[in-house]
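Residues per chain, in single letters:
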Amino acid sequence: MKRILFRVGSALVLLSCVGATRTDRLDVTYANGQNGAPSSSSGIFTGVRRDYVTPPNPHAVVLSDFDRDGILDMAVSGYGDSRSDRIIVYSGRPDGTFSTRQTLMARELSGGIAAGDFDGDGWADLAVLSDYDHMLSIYPGNADATFRAPIETLTLPGTYPQSFVVADLDGDSKLDVVVNYISATLSVLMGNGDGTLVIAEDSLGFEPDPISVLSGDFDGDGYPDLGVLESRANRISVLINQMRQ
Ligand SMILES: [Ca+2]
Ligand SMILES: [Ca+2]
Ligand SMILES: [Ca+2]
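Computed from a predicted model, the values in this text were never measured in an experiment. Here the residue index of a chain counts from 1 through its sequence in written order. Here the convention is simple: chains get letters from A, ligands get numbers from 1, in the order in which they are written. Given that this is a predicted model, residues contribute local features only at a pLDDT of at least 70 and side-chain atom pairs are listed and counted only at 80 or more, while totals for whole chains, interfaces and linings are drawn from all residues.

Concerning the pairing of strand β7 (residues 87-92)
As a reminder, the rule being used: A residue is called partly exposed when the number of other C-beta atoms within 10 Å of its own lies between 12 and 20, exposed at 12 or fewer, and buried at 20 or more, with C-beta atoms placed from the backbone. Helix numbers and strand numbers start at the N terminus; a helix is a DSSP run of H or I with at least 4 residues, a strand a run of E with at least 2. Strands are labelled as partners when DSSP assigns at least two bridges between them.
With 6 of its 6 residues buried, β7 lies for the most part within the structure. Residues Ile87, Val89 and Ser91 of β7 are buried on one face, and the alternating residues Ile88, Tyr90 and Gly92, pointing to the opposite face, are buried as well. Relative to β7, strand β6 (residues 73-78) is paired through 4 bridges, and the arrangement is antiparallel. In the sheet register, serine 77 faces β7, and the bridge partner there is isoleucine 87.

Here you go:
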């Protein structure tokens, strides 16, 4: 079970993406709820738990204010099967609950999902990674928290992508993407600002099984750096962005 602690509006919520148990459900527990009190050893999450149907075999969740109404919305990707939708978009409501906004088809084994304005129209788009056919798809976002069919489905140079991260690596205000693969390589995709990306670098090498990649400005120079978690080597590698030089 993967647990992530978020603050949503005024309500502190615990999201439990329960893909490992294949219950196809996302649980949200509200602090300070008023109707019922599931037991909690910490006493923090003693409110009402609400369950939301996810795509079959949910894999990843992203929170973003898709419609810019000040309330976080949510999208969940799932591995699913060929007969089912593999992405569900939920609109956040002022009381901290969610309603299903849209279901989207996606490629087989759609794993990682992230949000960002890839085409520069001011509305968040969705980037979805297909583990099976190693493709990255960009779903353009609308003002009403819905998404259109992918404008870009990019075949990645590596196989079995494990995770990806979205960041503006070169500071041109166009979002870029870094993908890591189980084949111990990492690709850098530079955004064109219109929802398309080009492969800039495809062979950054690591120990086998780099399990995830993350981004953050570790040295404080304003450019995002990378951290790569190498599970077989039992270490995290930090790559400092050289764009400032
Ligand atoms: Ca919203
Ligand atoms: Ca957009
Ligand atoms: Ca960029």
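Further notes follow.
A closer look at the pairing of strand β9 (residues 110-116)
Within β9, 7 of the 7 residues are buried, which leaves it mostly tucked inside the rest of the structure. Direction of pairing for β9 relative to strand β10 (residues 125-130): antiparallel, over a ladder of 5 bridges. Each residue of the ladder has a partner; that of alanine 114, found in β10, is alanine 127.

Side note on the sheet that holds β7
Selection rule: Orientation is described by axes fitted as lines to C-alpha atoms, over the contacting stretch for helices, and by angles from 0 to 180 degrees between their N-to-C directions.
If you walk across this open sheet you meet the 4 strands as β5-β6-β7-β8, and the pairing is antiparallel. Strands with a single pairing partner mark the edges of an open sheet, and in this sheet they are β5 (58-64) and β8 (98-104). On average, each strand axis in the sheet is tilted by 20° relative to the strand beside it, whichever way the strands run.

Remarks on the sheet that holds strand β17 (residues 210-216)
A sheet is described by the order of its strands in space; here 3 strands give the open sequence β17-β18-β19, paired in antiparallel fashion. The open sheet has two edge strands, β17 and β19 (235-239), and neither has a second partner. Ignoring strand direction, the axes of neighbouring strands in this sheet form an average angle of 20°. Relative to strand β18 (residues 225-230), β17 runs antiparallel, the two sharing 6 bridges. Counted as the bridge partner of glycine 216 is aspartate 225 from β18.

A word on the nonpolar core
As a reminder, the rule being used: A set of buried Ala, Val, Leu, Ile, Met, Phe, Trp, Tyr and Cys residues, joined to one another through C-beta atoms within 7 Å, is what we call a nonpolar core. Contact between two residues is assigned when their C-beta atoms, built from the backbone, lie within 7 Å.
Grouped together as the largest cluster of nonpolar side chains are 48 residues, with contacts concentrated most on Ala75, Ala127, Val177 and Val179. Beyond its immediate sequence surroundings of up to four residues, alanine 75 is in contact with Val62, Ile87, Ile88, Val89, Ile113 and Leu126.

A short note on unusual backbone geometry
The phi angle at tyrosine 160 is positive, at roughly 50°, despite the residue not being glycine. You can see tyrosine 160 is positioned in the loop between β12 (152-155) and β13 (161-167). Non-glycine residue serine 173 carries a positive phi angle of around 70°. Examined against the element boundaries, serine 173 turns out to sit in the loop between β13 and β14 (176-181). A tally of 10 C-beta atoms within 10 Å means that serine 173 is categorised as exposed.

Coordinates in, geometry out; function isn't part of it.
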